[in-house]
Each structure stands twice: as structure tokens, then as C-alpha cells.
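Geometric and topological summary
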Amino acid sequence: MSNKMKVSIIIPVYNAEEFIIETLESVEKQTFKENFEVILINDGSEDNSVNLINDFIANSEKENIHYKMHDDGENKGQGARRNLGIDIATGESILFLDSDDLIADTTLDIAYKRLSGTKENDFVIFEWAYYYPETGETKYVNKEKYNLKLALYRNTVEMLLGCSTYFSVNKLYKRSFLQRHQIRYGEGYIYEDFEFYVACALKAYRVPVISNILYKVRVHDKSTTKTDYTSTKHRDSFLIAIENAASKLQDGYRDQYTPYQVNKYFIYRALLYSEKRLPNNKNMRNDFIKSTMKIINEYSPNIKVPNGVLPLYNYAFSKGVVKNLDVAEMKKLFKLHKKNKINFYYTREIEKNKRKNKVINKVKNNYYLKPLVYNTRRKVHAKRNKKRANEIENYMSLKVKSGNIIMMGFDYQYRGNSKYLFDYLKDLYEPENLKFVTFDKKVPEEYRINPKSKEFFNYFYTSNIVICESWIPAAFRKKKGQKWIQLWHGTPFKKMLFDSNEATMLSLNPNHKVKMKNDIARWDYLIADSEKAKQKFKTSFDISSDKVITSGYPRNEWLKENHSNEELVREIKIKNNIPLDKKIILYAPTWRDYNYKIAESKKDKDYMLQFRKILNHLGNDYCIINKAHSMDTQPSWNNGITQVYTVNDKVETQELIAISDVIISDYSSIYFDAIHIDKPFYFLIKDYPKFNLSRGVYLDMYNDILKLVAKDEAELAKKIKTNVFKDFKAPENYINKNIENANESIAQIISENIKQDEKSIEINHSNSMQQV
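My aim in this report is to walk through the structure given alongside it, one point at a time. All values derive from a computational prediction rather than experimental measurement. (Residues numbered from 1 in each chain as written. Predicted model: local features only at pLDDT ≥ 70, side-chain atom pairs only at ≥ 80, totals over all residues. Heavy atoms only, no water.)

For the protein chain, the helix and strand inventory stands at 27 helices and 23 strands. Against the globule reference of 28 Å for 772 residues, the protein chain gives a C-alpha radius of gyration of 31 Å, in line with a compact fold. Each of the three principal axes of the protein chain carries a C-alpha extent, and together these read 90 × 75 × 65 Å. Once local pairs closer than 6 in sequence are excluded, the contacts in the protein chain between residues at least 24 apart make up 74%. Placing the 123 positive and 100 negative side-chain charges of the protein chain at their respective mean positions leaves the two points 11 Å apart. (Helix = DSSP H or I, 4+ residues; strand = E, 2+ residues; numbered from the N terminus. Rg over C-alpha atoms; globule rule 2.2 N^0.38 Å. Contact = heavy atoms within 4.5 Å. Lys, Arg positive; Asp, Glu negative; His and termini not counted. Charge placed at Lys NZ, Arg CZ, Asp CG, Glu CD.)

Turning our attention to empty space enclosed by the protein. Taken as a whole and assessed by the stated rule, the structure comprises 1 cavity of 30 Å³ or more. By volume, the largest cavity is sized at about 60 Å³. As for the largest cavity, its lining consists of Ile 125, Trp 128, Asn 142, Glu 144, Tyr 146, Cys 163, Thr 165, Phe 167, Asn 170, Lys 171 and Tyr 197. Class assignment of the residues belonging to the lining of the largest cavity gives a composition of 6 nonpolar, 3 polar and 2 charged. (1 Å grid on protein atoms, 1.4 Å probe; cavity = no way out; pocket = protein on both sides within 12 Å on 5 of 7 lines; lining within 4 Å. Points joined across faces, edges and corners; volume = space filled by probe spheres on them. Nonpolar A, V, L, I, M, F, W, Y, C, P; charged D, E, K, R; others polar.)

Pairing within the open sheet is parallel, and its 6 strands lie in the order 20-19-18-21-22-23. Single-partner strands in this sheet number two, and they are strand 20 (644-646) and strand 23 (709-710). In terms of strand pairing, strand 18 (residues 583-587) meets strand 19 (residues 622-626) through 5 bridges, oriented parallel. Across the sheet, residue Leu 586 finds its bridge partner in strand 19, namely Ile 625. Along the sheet, helix 21 (residues 611-618) contacts strand 18, strand 19 and strand 20; its crossing angle with strand 19, the most-contacted strand, is approximately 155°. (Pairing = 2+ DSSP bridges. Axes fitted to C-alpha atoms, helices over the stretch in contact; angles between N-to-C directions.)

For the rest of this paragraph, the subject is unusual backbone geometry. The phi torsion at Leu 325 lies on the positive side, around 55°, for a residue other than glycine. With respect to the helices and strands, Leu 325 occurs in the loop between helix 10 (311-318) and helix 11 (327-338). Phi is positive for Asn 340, close to 60°, though the residue is something other than glycine.

On inspection of all chains with the given rule, the structure shows 62 aromatic pairs. On the basis of an interplanar angle of 80° and a centroid distance of 5.7 Å, the ring pair of Tyr 260 and Phe 317 is categorised as edge-to-face. Highlighted residues: Tyr 260 in helix 8 (residues 258-276) and Phe 317 in helix 10, separated in sequence by 57 residues. By the burial criterion, Tyr 260 is buried, and Phe 317 matches it. (Phe/Tyr/Trp six-rings, centres within 6.5 Å; stacked < 30°, edge-to-face > 60°. Buried < 20%, exposed > 50% of the residue type's maximum accessible area, 1.4 Å probe, protein only.)

Turning to the side chain of Lys 494, a few remarks are in order. Relative to the helices and strands, Lys 494 is located in the loop between strand 15 (483-486) and helix 16 (503-508). Within the buried set, Lys 494 has no salt-bridge partner at all; the shortest N-O distance to an opposite charge, 5.7 Å, is to Asp 593. One polar contact links Lys 494 to Thr 590, side chain to side chain, over a distance of 2.8 Å. Excluding residues that lie within four positions of it along the chain, Lys 494 makes contacts with Thr 590, Trp 591, Tyr 667, Phe 691, Arg 695, Gly 696, Val 697 and Tyr 698. (Salt bridge = Lys/Arg side-chain N within 4 Å of Asp/Glu carboxyl O. Polar contact = N/O pair within 3.5 Å; in protein donor to acceptor, adjacent residues only side chain to side chain.)

Time to look at the environment of Val 548. With respect to the helices and strands, Val 548 occurs in strand 17 (residues 548-549). When its relative accessible area of 3% is taken as the criterion, Val 548 is described as buried. Separated by 25 residues in sequence, Val 548 and Trp 523 place their C-alpha atoms 9.9 Å apart. When near neighbours in sequence (up to four residues on either side) are disregarded, Val 548 contacts Leu 526, Ala 528, Lys 534, Lys 538 and Ile 543.

A word on helix 20 (residues 566-575). Within the span of helix 20, buried status applies to Val 569, Ile 572, Lys 573 and Ile 574. For helix 20, the secondary structure elements touched by its buried residues are helix 5 (175-180), strand 18 and helix 22 (653-659). For helix 20, the side-chain oxygen to backbone nitrogen distance between the N-cap and Glu 567 is 3.2 Å, and the N-cap itself is Asn 565. Asn 577, located one to two residues past helix 20, shows a positive phi value of around 60°.

Our focus in this paragraph is the nonpolar core. Core analysis: the biggest nonpolar cluster contains 108 residues, and Ile 9, Phe 96, Leu 160, Leu 178, Phe 317 and Met 330 have the highest contact counts within it. By size, the runner-up hydrophobic cluster in this structure holds 65 residues, among which are Leu 586, Met 608, Ile 705 and Ala 730. (Core = buried A, V, L, I, M, F, W, Y, C linked by side-chain atoms within 4.5 Å.)

This brings us to the pattern of salt bridges. Enumeration according to the criterion identifies 36 salt bridges in this entry. We note a salt bridge from Glu 158 to Arg 254, for which the minimum N-O separation is 2.9 Å. Here Arg 254 lies in the loop between helix 7 (233-247) and helix 8 and Glu 158 lies in the loop between strand 8 (151-153) and strand 9 (171-174), a separation of 96 residues in the sequence. Its salt-bridge partner being Asp 727, residue Lys 726 comes within 3.9 Å of it at the nearest N-O pair. The pair Lys 726 / Asp 727 is uniform in exposure class, with both members exposed. Three or more residues joined by partner-sharing salt bridges are found here, namely Asp 43, Asp 72 and Arg 81.

Bringing the sheet that holds strand 17 into the picture now. One open sheet accounts for 7 strands, arranged 13-12-11-14-15-16-17; its pairing is parallel. A strand with exactly one partner marks an edge of an open sheet, and here the two such strands are strand 13 (448-449) and strand 17.

This paragraph deals with the environment of Ile 598. Mapped onto the fold, Ile 598 is located in the loop between strand 18 and helix 21. Here Ile 598 falls in the partly exposed class, since its relative accessible area comes to 36%.

Let us now look at the packing of helix 9 (residues 282-299) against helix 11. Remark: helix 9 packs on helix 11, axes separated minimally by 10 Å, with the N-to-C direction vectors making an angle of 100°. When the axis of helix 9 is compared with that of helix 11, the two are roughly perpendicular. Contact residues: helix 9 offers Asn 286, Ile 289, Lys 290 and Met 293, while helix 11 offers Val 327, Met 330 and Lys 331. (Parallel < 35°, antiparallel > 145°, perpendicular 65-115°, else oblique.)

To continue, consider the state of the cysteines. Applying the stated criterion to the full structure yields 0 disulfides. Unpaired in this structure, Cys 200 has its nearest cysteine sulfur neighbour in Cys 163, at a distance of 13 Å. (Disulfide = S-S within 2.5 Å.)

Turning our attention to the side chain of Ser 8. Mapped onto the elements of the fold, Ser 8 is located in strand 1 (residues 7-13). There is a polar contact of 2.4 Å between the side chain of Ser 8 and the side chain of Glu 37. Leave out the neighbours within four places in its chain, and Ser 8 touches Glu 37, Ile 39, Ala 89, Thr 90, Gly 91, Ser 93, Ile 94 and Leu 95.

In this sheet, strand 3 (residues 65-71) lies alongside strand 2 (residues 36-42) in parallel orientation, the contact comprising 7 bridges. Paired with Asn 42 across the bridge in strand 3 is Asp 71. Taken together, strand 2, helix 2 (residues 49-59) and strand 3 constitute a β-α-β crossover, and its handedness is right-handed. (Right-handed = clockwise from strand over helix to strand, strands pointing away.)

Where helix 18 (residues 531-540) is concerned, the buried positions are Lys 532, Ala 533, Lys 534, Lys 536, Phe 537 and Ser 540. Asp 542 sits one or two positions beyond helix 18 and adopts a positive phi of about 50°.

Attention shifts here to the pairing of strand 15. Strand direction decides the pairing type here: strand 14 (residues 463-468) and strand 15, joined by 4 bridges, are parallel. Note on strand 15: the bridge partner recorded for Ile 467 is Ile 485. As defined by bridge partners, strand 15 adjoins strand 16 (residues 525-527) across 2 bridges and the pair is classed as parallel. Bridging from a neighbouring strand, Ile 485 pairs with Tyr 525 of strand 16.

Turning our eyes to something else, we now look at the environment of Glu 134. Of note, Glu 134 is situated in the loop between strand 6 (123-132) and strand 7 (137-139). Linking Glu 134 and Asn 314, residues 180 residues apart in sequence, is a C-alpha distance of 41 Å.

Okay, structure coming up:
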């Protein structure tokens, strides 16, 4: 038997004299033969708990159980004590045990064996039941979907977020998993396990499921969650807990329905606790539910809801009850849900809508009423348009404030060039002069504006500098005194706009190029990454040469600075569950025009890299990060492969480039990023004739990279294995030698334009004074 501790059991203790001995006896009865430690942490108990524990430890005869008692005399709460336990634990794995609960005799035996079954496991989950000490009976209530599986793997781990309880105690965790991802409990409030639980589900790679009941929750009236109902403790703690847990979603998730599962749990608990755990004050209870809804809307503004959900959650998320902060409606629905009458209510709503539609159709088809309806609609639309026009005119009448800067990233996201430029600018400008338009909480609150809010329009129409990273909606009008800077999001390799007939796009929208050209006409500056990019932008966008600035992209300044940072590369791999001992291939294809607005089942995906084929040629030393375009999904033949890792959309592409050994693309300009750090890249191009008809590539650029192009997986694997890239030399005009100063160069343009505007204001003011 090894002297190394296999398990650390962490038990926070607060006034537990009534239960602690029975809890420790369940530990003593373990059939586990290996060495394990029991860390008891006193949290300022005022009863006889500590003496009872010390006596118990003194009388223990189990040689493989190593007790540790920590008593600093302070009261910090369960979250802080569990965190301390993680920090001082020496075991390979960690089990959290409440001082009033019990574990089965075989808990460590079964759980440790399953956990150590493969290095891919991060923790194991086992069944639990309620324990009634008066009768000695246990009651099993679990009906969770994960029970159908032997193990949860990658994105299916997030099934845990759909559970009816967020317990952290019925699991055995690898200590290295908690340390690697810095997963900790909340401190200073109850419900501290919410953020711990959510973080574990989001970060774990593989979780075996054990069907045995190995943990028993003692039912009694003295537990933390069953006391203090007359104070605001539950209200305040719950709101802090769900906000901290919701913030974990900002780092990304693997399943598209994960935000729904987490927020479903939050709204249900808020409704339940408002009735049972808050003082009997209607205004306080309503405000509690409303505050929960606000947190949900802030951290998950666009929740995707699965099909076939319960009517309660269909109303909450699909029908906008939470979005509209409609507390009264939510409470009514919850009441119906509890009485099992919500299905009847839901059916009645459908019937009412059917009757309403029937009446509407009768009106529509009534020969005599048609003119009346038509004219009424015209008046309504005219009134709305007039209101909208008045709003715009009011905004247009606002005075532009010199020095105000507003940034709008690609699809209002905090990523790409916008992210890295903003991170640079916020060290130069105060929050009142710099705003970033996004829902992303990673942008500090004082700098952040919600898209299309009243605050947004006020700031947009008073900003001196407007910075974007893609097309700007035509409804956003440019004002005199504004300078618009277009960062853009890539270098043209596939043909763009006026360099391509864009047959597919124009067939769907004949006005496509007209709209884009109108937008381009509003740009004062277009940022390019190289002279080659400038050359292509001039013809594709029909933009004058003096407007295209080859400062380089901020994202590539970051890449140049950080790609050799081994510690950072390691951190990024760990964060995304990417193996540390494999060669990493980043697969980043672009989307196809010819698949635009085609049903998913009818899309042509033959152009995609077949993962099994390439890995069969390359072997087990390689793994693939699948960074498919957001408008595409992988076909079935590319799913379920252990050497392929799909990362969520919130992961920065620059980070993935930094951790990769090889990049594979097709017509994406990602290789222009890779060029700046001499990262090997290759092209798999299977559909050249078809792509050329719908969009096309620049032939001169295609010829420049021809030796790196493969037409199938076998040829591609050969190029990778023989390192064809080592003989590739990028043309000079592809490379920006001043990339390290990209942010500074753009900041200089901003500063010069602000000074120019201020000078213009001074001259106008001076002229006005002279006239007076």
C-alpha cells in the first residue's frame, strides 16, 4: 500500500455536536484500504464540536485514515472553509462531506476506482438520497437524465446543468482538475456551491456515472438553508451566487442549450425561494424575482430554448416573460405549474390564438373590410415610421462631443481586433470618453453599453470617433464631425464585393452590393494588415488608397507578443481541455456562399476535412481543434472522434493559433495571421471549381501558396509529415514589419482626429466671437 494519500475528505464544522460523531463513524467504516486523509476545519463553533472531534480522532485505530484538525477560531462560512480544504489537501482526489451527512461504507472504494480508471476523468458523480435519522430510512428522489449514461463526455458533461439540484457533495474530484482550472466555492454567502458546480460542469472533460447511492443527506431543521427566513440573508446570498455562477458562462460552453439549463435552474429556484425563504413582504419577494430576471438578461441576453420544454419554461424564455421582467405573469405561471394546471392554461392560450387567427382571417378575406384594414395598417405604419424618423432627427440634432469614442465589435462581440484595440485604449481613455457596445460582461461595466439601448443611441450620435469591425447598419446615420474607423476582420483571400460576381448573394438580394458600397462611402479609414491586403481592399471595396491604413491588426500584435509564452500557451490548453502531450492541428475552414440559406440537411459539405482519414495518416501523436465557421455544423461522419476537440465560439481565434502546431484552412485569411509568427499552415481545397463560380479566390495569392495546397487528406498528411512549410517563403508585401505597433498606430489616428476636431471647434468659436 502506497503512503501517498489517495483521497482527501474535507469536512467544514460549525456547531455540529449533534451529528459529527455519526458523520465520522461513516468515514471510519470505509472499506477503502488505501491511505486517505480527513481534513476537519472548525468554523468558529460555539458548542462542543471540537472536543468531540478530538476525542474521536484520539480513539481511532484505523492506520490508513489520517485526520487533520484545523482550528483558527474564526467564522468564515462554508465556502471559505471548503476552499481552505482544497488548498491544504494532499490527496489525489477530493470529497466534500457536510458535518451532518453520511457516506456509504463503499463510497471511497467504488468512487476512487472509477475515477482512476482513465486519466481523462476529472470527477465521478454518484447517487445520493435523503436520510431520516428518526427512522433510519433513506428516500431516493433523483430522476436526472445523466443516469441513462455510463459516463458524461465533453459537451454531454453539461447535462449536469439540467439537474434539479446543484449539489457538489455527491462527487469525487481529481484535485489536479480543481487546481488546474482554479475552481473554488463562493465565499461570504450561502448557496456558495452554485458557482463551483457550474464551473465543474463547464470545465470537465469526462465524468463517469456511478449508479450506487453513496452519499446520504441528513434531513433536519437546523441546516443553513432551513434557517434565517425572516432576514434578507437568503435573498442577498442567492443573488450574489447566481450572478457569480452566471459569469462562468462568459468563458464559453460546449452545448448550445447550456445557458437555458442554467437559467432555468435560477428562475425556478428564485420562484421557489421567494415563497419559502424570504420574509413575508410582497414588494421584497417581487423585487427578488425581478432582480433574478435582470441577472439572467444581463449574462444570457439570447437564450436558445430546446424543443419540447415544460410550458413554465416555454413562457419564461421563449415567450419573453423573463426578458420583459414580467414578475406578475411569472408568479401566475409558477402557481399554475405547481397546481399542475399550466398545461390546461397553455392549451387554452393556443385555442384563444386559433380563434383570434380565425377572426383575423375572416377580416382579411372580407371584401368590404379589406380597404378599411388596408388603410388602417397604412396609418399605423406611417405613424411608426414618423415616430422613428423623429427619434433619428432628435439624435441627429445632438451635439458631437470631441474626444468621445464608441466601439462596435463584430456582431457586438468582445473579440478580435476590437477586443485587443479596446484593451489598449482603455489605458488611455476614461470611461466617460470610451464605450464598447456589447452584452459581454468581460468588458468593465463603466465602459460597457448594451446594443441598441437608449444609452447606445445617445452615445453613438454624440461620438467623435466611431470604430467598427464589420458592416455598419444603414439605419445608423453618420453625422458631420464624426470619423468612422473600420477595423475589418480579415485580409481578402477569397474574392470580395466588386472583385467577385458574388452570384449566390446577388441572386438572394439584388441590392447587396449597393448597400455595401453605401456603407463603405461612410468610412474615413479602413485598417489593413499588409500592403497585399491594401491592394485587394482598394479594388474589392472600391475605396481610395489614402483611406486604407496599413497599421496592421491589433489581434496580430497580441499574437506576435504572446505566441512564445509557454506558460500562457499551457494555460489556454488547460482552459479548453486540449492535451498537453499532442501536436495540435487547428482546422479553420471558411463558409461557402453556395450553402447560404440552404437547409442544413441539404448543404454540400464534401469540402470539409474528414477527421478520421487525416488522423489515420498522421497517427496518435496528433489531435485536431475543430474551429468550424459559426454558420456551419459538422456532418455526422466527423463526430464522436476522441482526437478531435470542438471549442466554443467564445474562444479567441488568436489563442487557438498560439497553441497550435499546424493550421489547416481552405479559403480563410487566417493564414495571414499565422504568417506573422511563422506558424506552419496548409490548405485543403476540394471544391475549387464550385467555389470559384460562387465567389472565387485571388489567383495571384492562390499561386503564392500553391505548394501548401492539398486536394485530399492523404496529400495533406504527406505535406504535414514532410514539413513542406519549411521551404515556404511568404512574399514581402504579405508581412507587416510594424505589427508590434498596430495598437499604437491606430491610437495615433484616433488622437490626431480628436485634436483636429478640437482645433476646428476652437476656430469656429473664434470666428463666432469675431462676428459678435
